[in-house]
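# Observations on chain architecture
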Amino acid sequence: MALVSRSLPPGQSAKMFRRARAVIPGGVNSPVRAWRNVAGGDPFFVRRGEGAYLEDTNGNRYVDWVMSWGPLVLGHADPEVVEAVREAAADGTTFGAPTEREIELCEEIADAVSSIEKVRLVSSGTEAAMTAVRLARGFTRRDRFLKFEGGYHGHGDALLGEAGPGVPSATVSDTIVSSYNDVDAAAAAVERYGEGLACILVEPVAGNMGVVPPAPGFLKALRALCDASGALLVFDEVITGFRVARGGAQERYGIRPDLTILGKIVGGGLPLAALGGRADVMEELAPSGPVFQAGTLSGNPLASAAALVVLRRLRDAELYERLERRATELETGVRAAAAGQAVCLQRVGSMLTLFFREGAVRNLDEAKASDLARYGAFFRHLLARGVYLPPSQFEAMFVATVHGPVEVDRTVEAAADFFS
Ligand code: PMP
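Source: prediction; values computed, not measured. (Residues numbered from 1 in each chain as written. Predicted model: local features only at pLDDT ≥ 70, side-chain atom pairs only at ≥ 80, totals over all residues. Heavy atoms only, no water.)

### Description of the packing of aromatic side chains
Per the counting criterion, the structure on display carries 18 aromatic pairs. Taken together, a centroid distance of 6.1 Å and an interplanar angle of 85 degrees make the contact between Phe 148 and Tyr 180 edge-to-face. With Phe 148 in strand β5 (residues 144–148) and Tyr 180 in the loop between β6 (175–178) and α7 (183–193), this residue pair connects regions lying 32 residues apart in the sequence. Here Phe 148 matches Tyr 180 in class, with each residue buried. Put simply, the rings of Trp 35, Phe 44, Tyr 62, Phe 379 and Tyr 388 touch in pairs and so form one group of aromatic residues. Taking NZ or CZ as reference, Arg 21 lies 4.5 Å from the ring centre of Phe 17, over its face. (Phe/Tyr/Trp six-rings, centres within 6.5 Å; stacked < 30°, edge-to-face > 60°. Helix = DSSP H or I, 4+ residues; strand = E, 2+ residues; numbered from the N terminus. Buried < 20%, exposed > 50% of the residue type's maximum accessible area, 1.4 Å probe, protein only. Lys NZ or Arg CZ within 6 Å of the ring centre and 35° of its normal.)

Given below as structure tokens:
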């Protein structure tokens, strides 16, 4: 499994970043890749990945705890996934017409996620979330929706929740924003806007302010608020779907949403996402219903082939036990390394964040009270020792089935070295 390090001259990344900046805004195709949140200097450029490791264009190898921000639950370049994509590609990369694989994939998703009766495949989490909100609005004939500070549901105007450059206030005027884990605030918002509320949109485990678990009773209270007000409960399980359990956070916490947004793992590492849920709601989507939605590459054959391999492998409960075990070892090791320091480690299953602050993080304000400069120093320290963490305090580390004791030990040693 070991990657061969090529001894290239250092500084390739810097050169490449200059070249990238000349032709790509900020040099990257998604902002967090520029490492601005950790003042990390020039980001590396990836040459390849294998199993638990990434190799950059300088020939450096890193234990990868980012895993493309969650999708790669089986690690990089899983041979079976690669072979399935290769085989699918030989038969054509896109048709814009239905295929049997799409049926198989939607059946697999409906089998895994108990609240999902019908599924629509799309190409990104953003698209799935935009569709969920439109569908909730169309189904309820109401315009407003409630989301939570620090929750991220993609970059659609209304999903951002706040007007800004390029986001006119009219596009967010029906987006109500409340504090995560605060039942009273959510109840007050529903009291105030309930009659006009199409849905409550929530990450059942927050992953976009670092890992913040739902407080006991929070998700249940949201379910009750929806039932009382006629709003739909929409779980954004782009991160948690197939990760915190095969059936997602709704399985782990025993709450049944009306609609579920899936992304990341559901696409097997290729661009594919999904929206699913109650059949009566889903049937409102075109062409069976009046709510329009479409996509040229939706249900793409390569992505569907990869997804099927991964989701079928995830039927094996042993894989989830392995993820849990490895994540527990990592948690225990890092906790011991950081004993006596002002940090707080939060974990749900195979997603975890080490916050550089004392005391639990329950919402965005508390996440923001972390020592970001110190997180940046931690990131750089581990990077120099061949361990790649998320280049931001407000993201999760993801454990994959390919992470073993060697990768955990190396990470814990590097962390211990930092804290001593
Ligand atoms: N929802 C959640 C919870 C996410 O974490 C993300 C992306 N990180 C999205 C939606 C948007 O997905 P995509 O980047 O595929 O558009």
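### Concerning the packing of helix α12 (residues 317–337) against helix α15 (residues 405–419)
Between two packed helices, both the angle of their axes relative to each other and the distance between the axes serve to describe the pair. Where α12 meets α15, the axes come as close as 8 Å, and the angle between the chain directions of the two elements is 15 degrees. By the angle class used here, α12 and α15 are roughly parallel. Judged by the twist between their axes, the crossing of α12 over α15 is right-handed. From α12, Arg 326, Glu 329, Leu 330, Gly 333, Val 334 and Ala 337 reach across to α15, where they touch Pro 405, Val 408, Thr 411, Val 412, Ala 415, Ala 416 and Phe 419. (Axes fitted to C-alpha atoms, helices over the stretch in contact; angles between N-to-C directions. Parallel < 35°, antiparallel > 145°, perpendicular 65-115°, else oblique. Left-handed = near helix turned anticlockwise from the far one by under 90°. Contact = heavy atoms within 4.5 Å.)

### Thoughts on the pairing of strand β3 (residues 61–64)
Inspection of the sheet shows strand β2 (residues 53–56) paired to β3 by 3 bridges, in the antiparallel sense. Looking at β3, one finds that Leu 54 is bridged to Tyr 62. Hairpin remark: β2 followed by β3, antiparallel, with 4 residues in the connecting loop; positive phi at Gly 59, about 90 degrees. With 2 bridges connecting them, β3 and strand β13 (residues 387–388) associate as parallel partners. Bridging from a neighbouring strand, Val 63 pairs with Val 387 of β13. (Pairing = 2+ DSSP bridges.)

### Some remarks on the sheet that holds strand β12 (residues 351–355)
Spatial ordering of the open sheet is given by β11-β12-β14, a layout of 3 strands whose pairing is antiparallel. The open sheet terminates on both sides in strands that have one partner only, identified here as β11 (344–348) and β14 (397–398). Bridge analysis of β11 against β12 gives 5 bridges, and the strand direction is antiparallel. Within β12, the residue paired with Arg 347 across the bridge is Leu 352.

### Notes on the pairing of β11
The element β11 is extensively covered by neighbouring structure, given that 4 of its 5 residues are classed as buried. Linkage of β11 to β12, two consecutive antiparallel strands, is achieved through a turn of 2 residues, within which Gly 349 is found at a positive phi near 55 degrees.

### A short note on the pattern of salt bridges
The tally for this structure, following the rule as stated, stands at 25 salt bridges. For Asp 111, the salt bridge goes to Arg 246, with nearest N and O atoms at 2.7 Å. One end of the pair, Asp 111, is in helix α3 (residues 100–112); the other, Arg 246, is in the loop between β8 (232–237) and α9 (248–253), with 135 residues separating them in the sequence. When its relative accessible area of 44% is taken as the criterion, Asp 111 is described as partly exposed. Between Arg 223 and Asp 258 there is a salt bridge; the shortest N-O distance is 3.0 Å. (Salt bridge = Lys/Arg side-chain N within 4 Å of Asp/Glu carboxyl O.)

### Considering the nonpolar core
Ranked by internal contacts, the top residues of the largest apolar core, which has 70 residues, are Ile 109, Phe 242 and Phe 378. The biggest single contributor to this core is helix α11 (residues 301–313), with 9 residues. Ignoring sequence-local partners within four residues, the contact set of Phe 242 consists of Ile 109, Ala 112, Val 113, Gly 248, Leu 262, Ile 265, Val 266, Leu 311, Leu 314 and Tyr 320. Residues Phe 148, Met 209, Phe 218 and Ala 231 belong to the second largest nonpolar core, which totals 28 residues. (Core = buried A, V, L, I, M, F, W, Y, C linked by side-chain atoms within 4.5 Å.)

### Thoughts on the site of the ligand
Inspection of the region around the ligand gives Ser 124, Gly 125, Thr 126, Tyr 152, His 153, Gly 154, Glu 203, Asn 208, Asp 236, Val 238, Ile 239 and Lys 264 as its neighbouring residues. A distance of 2.6 Å separates an oxygen atom of the ligand from a polar atom in the side chain of Thr 126. A distance of 2.7 Å separates a nitrogen atom of the ligand from a polar side-chain atom of Asp 236. Of the residues assigned to the shell around the ligand, the class counts are 3 nonpolar, 6 polar and 3 charged. (Near = heavy atom within 4 Å. Polar contact = N/O pair within 3.5 Å; in protein donor to acceptor, adjacent residues only side chain to side chain. Nonpolar A, V, L, I, M, F, W, Y, C, P; charged D, E, K, R; others polar.)

### A few points about unusual backbone geometry
For the peptide bond that leads from Ala 286 to Pro 287, omega is 5 degrees, which places it in the cis range. Counting through the fold element by element, Pro 287 comes out in the loop between α10 (279–282) and α11. Positive phi, normally seen in glycine, also occurs at Arg 141, with a value near 55 degrees. Of note, Arg 141 is situated in the loop between α4 (125–140) and β5. You can call Arg 141 exposed: its relative accessible area is 69%.

### Considerations on the sheet that holds β3
Pairing within the open sheet is mixed, and its 4 strands lie in the order β1-β2-β3-β13. Looking along the sheet, the strands with just one partner apiece sit at the ends: β1 (46–50) and β13. Across the face of the sheet, α15 comes into contact with β2, β3 and β13 while running at roughly 100 degrees to β3.

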